[in-house]
Amino acid sequence: MKTENINHAFLDDVVNGAQEDIYYHLGVTSSDPILVQLRGVKAVIMAGSGERIKEFAKHWSQLNGDAEIVEFPKEDRFVSRYTAGVLFSSHGMGMPSASIALQELMRMVFFLKGGDLAAMDEVFWCRVGTSGGIGYPPGTVVVSSEALMADLKPFRLLKGGEGEHWFDCTFPADTFDAIIAANQRTDFTVVSGKTVATNEFFIEQFRLDGALCLDTDETKQAWLDWLDTNGVRNIEMEGAMIAGYLNWWGFSKFAMICCTVINRLDGDQMTSSPAELHKFSQDSGVALFNYLKASLLDGQSRPGDQR
Ligand code: R2B
Ligand code: URA
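Residue numbers run consecutively from 1 along every chain, following the written order of its sequence. The naming scheme follows written order: chains are lettered A onward, ligands numbered 1 onward. Two thresholds apply to this predicted model, a pLDDT of at least 70 for residue-level local features and 80 or more for giving and counting side-chain atom pairs, whereas whole-chain, interface and lining totals are computed over all residues. Each side-chain value is worked out from all heavy atoms of the structure, with water and hydrogens disregarded.

Q: Hey, could you run me through the overall build of the chain in this one?
A: When its secondary structure is counted, the chain shows eight helices and 13 strands. The atom set for the radius of gyration is the C-alpha atoms, and the globule formula is 2.2 Å times the number of residues raised to the power 0.38. Taking 2.2 N^0.38 as the reference for a compact globule, 307 residues should give roughly 19 Å; the C-alpha atoms of the chain span a radius of gyration of 19 Å, in line with that estimate. Along the three orthogonal principal directions, the C-alpha set of the chain runs to about 60 × 50 × 35 Å. Relative accessibility decides the category of a residue: with a 1.4 Å probe and only protein chains considered, values under 20% of the type maximum give buried, values over 50% give exposed, and everything between is partly exposed. Within the chain, the proportion of its 307 residues that are buried is 53%. In this analysis, two residues are considered to be in contact whenever any of their non-hydrogen atoms come within 4.5 Å of each other. In the chain, 75% of the contacts between residues at least 6 apart in sequence involve partners at least 24 apart. Surface accessibility follows the Shrake-Rupley procedure with a 1.4 Å probe radius. Residue values consider only the protein chains on display as shielding. Carbon and sulfur atoms form 52% of the exposed surface of the chain, whose accessible area is close to 13,000 Å². Within this scheme the basic residues Lys and Arg register as positive and the acidic residues Asp and Glu register as negative, but His and the chain ends are omitted. Every charge is mapped onto a representative atom, which is NZ of Lys, CZ of Arg, CG of Asp or CD of Glu. Averaged over its 26 positive side-chain charges, the chain has a centre that lies 3 Å from the centre of its 41 negative ones. Each helix corresponds to a stretch of at least 4 residues labelled H or I by DSSP, and each strand to a stretch of at least 2 residues labelled E; elements are numbered beginning at the N terminus.

Here it is in structure tokens:
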């Protein structure tokens, strides 16, 4: 862990009880009794939708002998559940929304682990989501090796008038390799590659079907070709920030697993049926749970198992 990048000035007082931390958007505080049950957290799983989080928690509970599911009381911003060592939380859509969820989850993990950096570094983080693929049929699962912004540069934030703060957006290779190894026998294709994370679904993804359109077939194709040539396999809206923040604290195990719901070389609109979309979305969950089973359920693990 990179202790110099952790906000000890605020967080150490939360651990020693001098300061209560209010995880406002998650709807709990560091003195909330429900957090006592979360101290054994081994993994934090994020997904865009709250419904997905509820399904994931139910599934992980079932795989763990119907372990108790702790429900966070507030659900109007994010939905969070904890069961059998895994904290599941939704993050909404886009980097601004997801950054709020992630910062509160990072603060919470610091508190839950009592500021013990070695214990924190044991925690696995993962976003599971959807994406637009480049050159792969819908339903392909992409495990990200690196995430970049729409200009193929890493995630950065504005620092007022002083310029920008840049982040390292690589994903740890050991982790994405282990996820792929745990998914050798699936009925869907799993690949690794770079991901572009945009701040906009239409304009920044060069769609021609937005209410606002700044592009033509030619400029869109040129952008997609440029991404393809640079090893980008899919496009979504959170990965660069997530990798950037987790690298900033120095976590060593984190990943992003996204199914593709469209091949952007074929079009902009989602033409897959609801049943197909459901299967795609289930498959990224299967890929996650195959890894969680292999890494957390020790002797009982059966990598490659399907749900
Ligand atoms: C993928 O899908 C969402 C947009 O439809 C967005 O949250 C993302 O990253
Ligand atoms: N999510 C995105 O951000 N883009 C897509 O094309 C599909 C899902």
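Q: What is the right way to read helix 2 (residues 50–63) from this model?
A: Because an α-helix completes one turn every 3.6 residues, residues spaced three or four positions apart along the sequence face the same direction. Spanning 14 residues, helix 2 covers 20 Å between terminal C-alpha atoms, matching the ideal 20 Å at 1.5 Å per step. Taken residue by residue, helix 2 has Gly50, Arg52, Ile53, Phe56, Ala57, His59, Trp60 and Ser61 as its buried positions. Where helix 2 begins, the capping side chain belongs to Ser49, and its oxygen is found 3.3 Å from the backbone nitrogen of Glu51. In this scheme, a helix's expected span is set at 1.5 Å multiplied by one less than its residue total. Polar contacts here mean pairs of N or O atoms no more than 3.5 Å apart (in protein, one a potential hydrogen donor and the other a potential acceptor; neighbouring residues in sequence count only if both atoms are side-chain atoms).

Q: How should I be thinking about the site of ligand 2 in this particular structure?
A: Around ligand 2, the neighbouring residues are Thr130, Ser131, Gly132, Phe201, Gln205, Arg207, Ile235, Glu236, Met237, Val261, Ile262 and Met270. For ligand 2, a nitrogen atom lies 2.8 Å from a polar atom in the side chain of Gln205. Bound to the protein, ligand 2 loses 93% of the 230 Å² it would expose on its own. Looking at the shell around ligand 2 element by element, the count peaks at three residues for strand 7 (residues 124–133). Gly counts as polar in this scheme, as do all residues outside two lists: the nonpolar Ala, Val, Leu, Ile, Met, Phe, Trp, Tyr, Cys and Pro, and the charged Asp, Glu, Lys and Arg. Partitioning the shell around ligand 2 into residue classes produces six nonpolar, four polar and two charged. Proximity is defined per residue: any heavy atom of the residue falling within 4 Å of a molecule or strand makes that residue near it.

Q: Which parts of the structure should I look at to understand the layout of surface pockets?
A: The probe, sized like a water molecule, is rolled over the atoms to show the empty space still left. The way it works is a 1 Å grid over only the protein atoms, where trapped points that fit a 1.4 Å probe form a cavity and open points with protein on both sides within 12 Å along at least five of seven lines form a pocket, and then any residue with an atom within 4 Å of a point lines it. Grid points are joined across faces, edges and corners, and a volume is the space filled by probe spheres set on the points. Considering only enclosed or pocket space, the largest pocket measures out at about 540 Å³ in volume. As for the largest pocket, its lining consists of 28 residues, of which Gly48, Met93, Arg127, Gly129 and Thr130 are closest to the centre. Of all elements in the fold, only helix 2, strand 7, strand 12 (232–236), strand 13 (254–263) and helix 8 (274–296) reach the threshold of two or more residues within the lining of the largest pocket. Here the lining of the largest pocket is composed, by residue class, of nine nonpolar, 12 polar and seven charged.

Q: When you look at the site of ligand 1 in this model, what are you seeing that I'm missing?
A: Neighbouring ligand 1 are the residues Met93, Arg127, Thr130, Phe201, Glu236, Met237 and Glu238. Here an oxygen atom of ligand 1 and a side-chain polar atom of Thr130 are 3.0 Å apart. One of the side-chain N or O atoms of Glu238 is found 2.5 Å from an oxygen atom in ligand 1. Protein burial of ligand 1: of its 260 Å² of free accessible surface, 81% is covered by the chains. In a pocket analysis with a 2 Å cut-off to the grid points, ligand 1 is assigned to the largest pocket. A per-class count over the shell around ligand 1 returns three nonpolar, one polar and three charged. Molecule-in-pocket calls rest on the fraction of atoms, with more than half required to lie within 2 Å of the cavity or pocket grid points.

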